[in-house]
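In case you want the letters, here they are:
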Amino acid sequence: MRVLGYDARVPRTLLANEWDAARRQQFLLRPDAAVPLSVDTMVWPSLIIRGGSLPEVVEPNYETSLAARPEEVRAAVRGRKAEIVAITEGDDPLPGEEWVLLGWDIADGYTLSGISNCGVSPEEWRPIRQRWASEVNDNNLFSDYGAADECRNDIDQLVPEHAPFAVYGLWVWEP
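Regarding the packing of helix 3 (residues 122–132) against helix 4 (residues 145–158)
Two quantities define a packed helix pair, namely the angle between the helix axes and the distance between the axes. At a minimum axis separation of 11 Å, helix 3 and helix 4 run at an interaxial angle of 175 degrees. Taken as axis vectors, helix 3 and helix 4 run roughly antiparallel relative to one another. On helix 4, the residues touching Glu124, Trp125, Ile128, Arg131 and Trp132 of helix 3 are Ala147, Glu150, Cys151, Asp154, Ile155 and Leu158. The residue inventory of the contact of helix 3 with helix 4, partitioned by class, reads seven nonpolar, no polar and four charged.

Some details on the side chain of Arg152
Checked against the element boundaries, Arg152 lands in helix 4. A polar side-chain atom of Arg152 sits 3.0 Å from a polar atom in the side chain of Asp149. With near-sequence residues (within four places) excluded, Arg152 lies in contact with Ile106, Phe165, Ala166 and Val167.

Looking at the environment of Glu174
When you line up the elements, Glu174 lands in the segment after strand 6 (166–173). On the accessibility criterion, Glu174 (40% relative accessible area) is partly exposed. Spatially, the C-alpha atoms of Glu174 and Glu83 are 8.6 Å apart, while their sequence positions differ by 91 residues. With residues up to four places along the chain from it excluded, the contact list for Glu174 reads Arg12, Glu98 and Val100.

A look at the pattern of salt bridges
What the rule picks out here adds up to 12 salt bridges. Measuring nitrogen to oxygen at the nearest pair gives 2.6 Å for the salt bridge that ties Arg30 to Asp32. Taking the relative accessible area as the measure of exposure, Arg30 reaches 15% and is therefore buried. On the basis of relative accessible area, Asp32 is assigned to the exposed category, the value being 54%. A salt bridge links Asp149 to Arg152; the nearest nitrogen and oxygen atoms lie 3.0 Å apart.

Topic: unusual backbone geometry
Backbone torsion omega between Ala163 and Pro164 reads 5 degrees, so that peptide bond is classified as cis. As for its position among the elements, Pro164 is in the loop between helix 4 and strand 6. The phi angle at Thr111 is positive, at roughly 65 degrees, despite the residue not being glycine. Judged by its relative accessible area of 22%, Thr111 is partly exposed. Phi angles above zero are rare outside glycine, and Asn140 is one such case at about 60 degrees.

Topic: helix 3
All of the buried residues in helix 3 are Trp125, Ile128, Arg129 and Trp132. Viewed along the axis of helix 3, the buried residues span an arc of 105 degrees, placing them on a single side of the element. Counted as exposed and oriented over 90 degrees from the buried face of helix 3: Glu123 and Gln130. Lining the buried residues of helix 3 we find helix 1 (21–27) and helix 4.

Conventions adopted
- Residues numbered from 1 in each chain as written.
- Predicted model: local features only at pLDDT ≥ 70, side-chain atom pairs only at ≥ 80, totals over all residues.
- Heavy atoms only, no water.
- Axes fitted to C-alpha atoms, helices over the stretch in contact; angles between N-to-C directions.
- Helix = DSSP H or I, 4+ residues; strand = E, 2+ residues; numbered from the N terminus.
- Parallel < 35°, antiparallel > 145°, perpendicular 65-115°, else oblique.
- Contact = heavy atoms within 4.5 Å.
- Nonpolar A, V, L, I, M, F, W, Y, C, P; charged D, E, K, R; others polar.
- Polar contact = N/O pair within 3.5 Å; in protein donor to acceptor, adjacent residues only side chain to side chain.
- Buried < 20%, exposed > 50% of the residue type's maximum accessible area, 1.4 Å probe, protein only.
- Salt bridge = Lys/Arg side-chain N within 4 Å of Asp/Glu carboxyl O.
- Arc of directions from axis to C-beta.

What follows is the structure, given as structure tokens:
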């Protein structure tokens, strides 16, 4: 397992109404997901920008680079409402009881999510939804790494302009 970095995201409670039916049908592997989350900041906006050596809290930010250490993010947030997340590669657990796995995302090298942010028609989604939607949780993330890794091949074919995709773990810090 490799930790790609840490970030502060908009609280999940503020995201419930961000997805109308048309957007869900075009972008989500599981359109009925309660609150879609992702490593992709266009899906789950960041509150951090990196300028200089330390992160700084801003309004929702859709382009971010990840902090190297969770302490940097916690210091930048300084008690503001935010969700501290870690993004990983590989299927090993993130050390520490305070890190809870939200699920596995499938994204390209720029963390553009293939299951939450690549708009395709319902006809193109149909075979992938039939095969994989039952493996996806209420956050539109895979619950099983192996299933996500298998689905990754289908996403590579569905959206070849962003291939190759990879499987990323999305973890939330719950002290």
